[in-house]
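A closer look at the structure
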Amino acid sequence: MSTPNTPRSGTRPANAPRAGAARSATPAKPTQRPSAGAAQKPAPSGRQAPQRPAQRPSGQNSRPGLVRPAPKAKARRARLLVSKVDPWSVLKMAFLLSVALGIVTVVASIVLWTTLDITGIFDRVNDLLTEIAGTEGGAFDLRAYASLGQVASFATIIAVVNVVLLTALAMLSAVLYNISATLVGGIGVTLTDD
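Rules behind the numbers
Residues numbered from 1 in each chain as written. Predicted model: local features only at pLDDT ≥ 70, side-chain atom pairs only at ≥ 80, totals over all residues. Heavy atoms only, no water. Helix = DSSP H or I, 4+ residues; strand = E, 2+ residues; numbered from the N terminus. Buried < 20%, exposed > 50% of the residue type's maximum accessible area, 1.4 Å probe, protein only. Contact = heavy atoms within 4.5 Å. Salt bridge = Lys/Arg side-chain N within 4 Å of Asp/Glu carboxyl O.

So, on to the overall build of the protein chain. The number of helices and strands found in the protein chain is 4 helices and 2 strands. Ordered by position from the N terminus, the helices and strands of the protein chain form the series β-α-α-α-α-β. A total of 194 residues make up the protein chain; the buried ones form 10% of that total. If you take every contact in the protein chain between residues at least 6 apart in sequence, the share linking residues at least 24 apart comes to 73%.

Structure representation (structure tokens):
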């Protein structure tokens, strides 16, 4: 007894190769393609299959199609209101920017002191102050009061104080902006496309 899916003995499936024929690696290709203008067979359900558009010949006689550029669109404009500023993001940004400003302050003070020392400004100021004070006052040395270490430490203290103050002021201004934006509506911003 055979099931509907199993072939009977002595028969072979239609797509099975013959015993003597060698198997090919590629599937069999149709020998003839329907032409672009030929009518297509209707679909079995009664509806017609969608027709493909006719392809242009790709020979030397074919001329390139004329393509019109798209009309330039007008720049879009959007008017937005900044109604709320997140204080936590303002705090982080203000902290990073004030740390960068503090580093710049320390490096600039060291570079300025070194430049003044190389150009001999300290010696000229010492000579001027000695002339003004007189010989009985003794020689005046500006480097004893403003050495490189003292200038760098003073600039570091100033930078740390600036970091704390600028961060606190930025967060306070964000909170004040949020309060005033609830009353007034915020700052209007107009955005346009390039």
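This part covers the pattern of salt bridges. Taken as a whole and judged by the stated rule, the model has 1 salt bridge. In this structure, arginine 76 and aspartate 193 form a salt bridge, with 2.8 Å as the shortest nitrogen-oxygen distance. Here the residue arginine 76 occupies a position in the segment before strand E1 (77-82), and aspartate 193 occupies one in the segment after strand E2 (187-192), the gap between them amounting to 117 residues. For aspartate 193, a relative accessible area of 35% gives the class partly exposed.

This part is about the environment of alanine 78. Within the secondary structure, alanine 78 sits in strand E1. What makes alanine 78 partly exposed here is its relative accessible area of 33%. For the pair alanine 78 and threonine 192, spaced 114 residues apart in sequence, the C-alpha separation works out to 6.4 Å. With near-sequence residues (within four places) excluded, alanine 78 lies in contact with Val189, Thr190 and Leu191.

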